[in-house]
Amino acid sequence: EAGVVQSPRYKIIEKKQPVAFWCNPISGHNTLYWYRQNLGQGPELLIRYENEEAVDDSQLPKDRFSAERLKGVDSTLKIQPAELGDSAVYLCASSFGPTNTGELFFGEGSRLTVL
Amino acid sequence: AQTVTQSQPEMSVQEAETVTLSCTYDTSENNYYLFWYKQPPSRQMILVIRQEAYKQQNATENRFSVNFQKAAKSFSLKFSDSQLGDTAMYFCAFFSQGGSEKLVFGKGTKLTVNP
């Protein structure tokens, strides 16, 4: 069974440039999460989807971040424009919603460096 | 809001030694789940062990076990016969179905197992 797939693995951009990250969750997992992990820190939730609905986006900086999950499967996280402080690893995770007990399956992450 | 605290930023041990990682949490919830996740260098985060708060018995998984003290809100991870492959960041995490249904992480403990 394929795991959570993320791309790109690494991205280097200059500040004020846009960037997008893509995530394909495990088949059948209807809950999808985007987390941000700063260097040496634990992941922090940005947004959670139940199918195509964003049910928790309270920590998403909406002035520059946006996300979508069309058709309730793949998801894209966008930053525009990027700032130096956005340098981090962006983790996507998924779980099987109806029996969600917090066991999340993570992708390898997308490491963003903003210069 | 739930908080998770890991008081050991770093730890170094020799191969074959026993490791104990500490974690405390704060919550007003009664039903929740606690986790230890492992994040090897440049690799995806994986679940090590899970504890349901309603269970008094401590969870075990092969070499790994937890010491769950619900009244003290303490949740430590212990594993014996440490191996080079155990070198990783270890995150304690909290999840409540009745709350925000998001996994809340501690800041992690960087464990290095030396030959």
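Being a predicted model, the structure only gives us computed values, none of them experimental.

Student: What is the right way to look at the layout of surface pockets in this model?
Tutor: Where empty space is left becomes clear once a probe the size of a water molecule has been rolled over the atoms. Estimated volume of the largest pocket: approximately 670 Å³. Together, 30 residues line the largest pocket, and Gln37, Leu39, Gly40 and Arg111 of chain A together with Gln39 of chain B are the ones closest to its centre. Put simply, the parts of the chain that give the lining of the largest pocket at least two residues each are β9 (88-95) and β11 (110-114) of chain A together with β10 (88-95) of chain B. For the lining of the largest pocket, the per-class residue count stands at 12 nonpolar, 11 polar and seven charged. By volume, the second largest pocket amounts to about 470 Å³.

Student: Just to check I follow, could you spell out the packing of aromatic side chains for this structure?
Tutor: What characterises a pair of aromatic rings is the spacing of the ring centres plus the angle enclosed by the ring planes. Under the definition given, this model contains 18 aromatic pairs over all chains. Seen from their ring centres, Phe106 of chain A and Tyr37 of chain B are 5.7 Å apart, and the 85° between their planes marks the pair as edge-to-face. Of the two residues, Phe106 of chain A sits in strand β10 (residues 105-106) while Tyr37 of chain B sits in strand β5 (residues 33-39), which places them in two different chains. An angle of 55° between the planes, with centres 6.5 Å apart, marks the rings of Tyr33 of chain B and Phe95 of chain B as tilted. Of this pair, Tyr33 of chain B sits in strand β5 while Phe95 of chain B is found in strand β10, placing the two residues 62 residues apart along the sequence. Residues Tyr33 of chain B and Phe95 of chain B agree in their burial class; the two are buried. Here the aromatic residues Tyr33, Tyr35 and Phe106 of chain A together with Phe35, Tyr37, Phe91 and Phe105 of chain B are joined through ring pairs into a cluster of three or more.

Student: Could you clarify how one ought to interpret the environment of Thr20 of chain B in this entry?
Tutor: Residues and elements named next belong to chain B. On the secondary structure map, Thr20 appears in strand β3 (residues 19-21). Look at Thr20 and you get partly exposed, because its relative accessible area is 40%. Put simply, Thr20 and Lys78 are 58 residues apart on the chain and 4.4 Å apart in space, counted from C-alpha to C-alpha. In contact with Thr20, other than residues within four places in its own chain, are Gln8, Met11, Ser76, Leu77 and Lys78.

Student: Help me understand the interface of chain B and chain A in this model?
Tutor: Many descriptions give the size of an interface as the accessible area lost when the pieces come together. Between chain B and chain A, the contact holds 19 residues from the first and 22 residues from the second. When chain B packs against chain A, close to 1,800 Å² is buried across both sides, 48% of that on carbon and sulfur atoms. Taken together, the connections running from chain B to chain A amount to one salt bridge. Counting the contacts that link chain B with chain A gives four residue pairs in polar contact (both at pLDDT 80 or more). The element contributing the most residues to the side of chain B that touches chain A is β5 of chain B, with four residues. The residue inventory of the side of chain B that touches chain A, partitioned by class, reads nine nonpolar, six polar and four charged.

Criteria and cut-off values
- Residues numbered from 1 in each chain as written.
- Chains lettered and ligands numbered in written order.
- Predicted model: local features only at pLDDT ≥ 70, side-chain atom pairs only at ≥ 80, totals over all residues.
- Heavy atoms only, no water.
- 1 Å grid on protein atoms, 1.4 Å probe; cavity = no way out; pocket = protein on both sides within 12 Å on 5 of 7 lines; lining within 4 Å.
- Points joined across faces, edges and corners; volume = space filled by probe spheres on them.
- Helix = DSSP H or I, 4+ residues; strand = E, 2+ residues; numbered from the N terminus.
- Nonpolar A, V, L, I, M, F, W, Y, C, P; charged D, E, K, R; others polar.
- Phe/Tyr/Trp six-rings, centres within 6.5 Å; stacked < 30°, edge-to-face > 60°.
- Buried < 20%, exposed > 50% of the residue type's maximum accessible area, 1.4 Å probe, protein only.
- Contact = heavy atoms within 4.5 Å.
- Buried area = accessible area lost by both parts, 1.4 Å probe.
- Salt bridge = Lys/Arg side-chain N within 4 Å of Asp/Glu carboxyl O.
- Polar contact = N/O pair within 3.5 Å; in protein donor to acceptor, adjacent residues only side chain to side chain.

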